[in-house]
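# Coordinate analysis (summary)
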Amino acid sequence: MFIFSRAGCDAAVQQCLNANLRLTKPPERREILAYAESRVTTLPAADLAVLGYPMWLEALGRGVAAHHAGMLPVFKECVEELFSRGLVKMVFATETLALGINMPARSVVVDRLSKWNGETHADITPGEYTQLTGRAGRRGIDVEGHAVVLWAPGFDPKAVAGLASTRTY
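First things first, this report covers the structure right here in the doc. These figures come from a predicted structure and were not determined experimentally.

## Focus: the packing of helix H2 (residues 26–39) against helix H5 (residues 73–84)
The contact between H2 and H5 brings their axes to 10 Å, and the two run at 150 degrees. In terms of their interaxial angle, H2 and H5 are classed as roughly antiparallel. As H2 runs across H5, the sense of the crossing is right-handed. Contacts from Ile32, Tyr35, Ala36 and Arg39 in H2 reach Val74, Glu77, Cys78, Glu81 and Leu82 in H5. Here the residues of the contact of H2 with H5 are counted per class, giving six nonpolar, no polar and three charged.

## Things to note about unusual backbone geometry
As a rule of thumb, non-glycine residues mostly have phi less than zero, and peptide bonds are mostly trans rather than cis. One non-glycine residue with positive phi stands out, namely Asn20, at about 60 degrees. Looking at the secondary structure, you find Asn20 in the loop between helix H1 (6–18) and H2. Taking the relative accessible area as the measure of exposure, Asn20 reaches 44% and is therefore partly exposed.

## Concerning the pattern of salt bridges
Per the stated rule, a full pass over the model turns up nine salt bridges. Notably, a salt bridge pairs Arg62 with Glu58, separated by 2.8 Å at the nearest N-O pair. Judged by relative accessible area, Arg62 falls into the buried class, the value being 9%. Salt bridges here are not isolated pairs; linked through shared partners, they connect Arg29, Glu58 and Arg62.

## A short note on the environment of Leu87
Following the sequence through the fold, Leu87 ends up in the loop between H5 and strand E2 (90–93). Taking relative accessible area as the criterion, Leu87 reaches 6% and is therefore assigned buried. The spacing of Leu87 and Arg29 is 58 residues in sequence and 8.0 Å in space, taken between C-alpha atoms. In this structure, Leu87 is in contact with Thr24, Glu28, Glu31, Ile32, Gly63 and Leu82, ignoring residues within four places of it in sequence.

Cut-offs and rules
Residues numbered from 1 in each chain as written. Predicted model: local features only at pLDDT ≥ 70, side-chain atom pairs only at ≥ 80, totals over all residues. Heavy atoms only, no water. Axes fitted to C-alpha atoms, helices over the stretch in contact; angles between N-to-C directions. Helix = DSSP H or I, 4+ residues; strand = E, 2+ residues; numbered from the N terminus. Parallel < 35°, antiparallel > 145°, perpendicular 65-115°, else oblique. Left-handed = near helix turned anticlockwise from the far one by under 90°. Contact = heavy atoms within 4.5 Å. Nonpolar A, V, L, I, M, F, W, Y, C, P; charged D, E, K, R; others polar. Buried < 20%, exposed > 50% of the residue type's maximum accessible area, 1.4 Å probe, protein only. Salt bridge = Lys/Arg side-chain N within 4 Å of Asp/Glu carboxyl O.

If you want it as structure tokens, here you go:
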């Protein structure tokens, strides 16, 4: 699910934890925890505590993760690897996940059709829409993929139709 804010991604993961959502089976959880723990062995325990490692690891073990530029690179790499293996089932990400990473998603959800561009909230472009929704049903790799744009007050279905019908590669 693409959420155009780091705080929004982290909040979505926290909501999943609060709801006690578990998307993994015990063997998957054990594999996730073993992999993640092996990747952070060089980091001091005090640093891990400050970085929110316990919560990150708990969510990861449940098959849920955030992915954004505000995360420690080793955390992002773990999420990417475990998602690629099919162990992490749900990733709340900023658009950085859509850029140059071959992630095997069956479905992509786009939170909204506008994002902060550093100066103002602007509508996403057809190219950005193609990049985001292209994570599901990757051309030449997947047979099928699904893209969903969430409804919100003021939502214009014609805007989605315009974005989806504009061929930008």
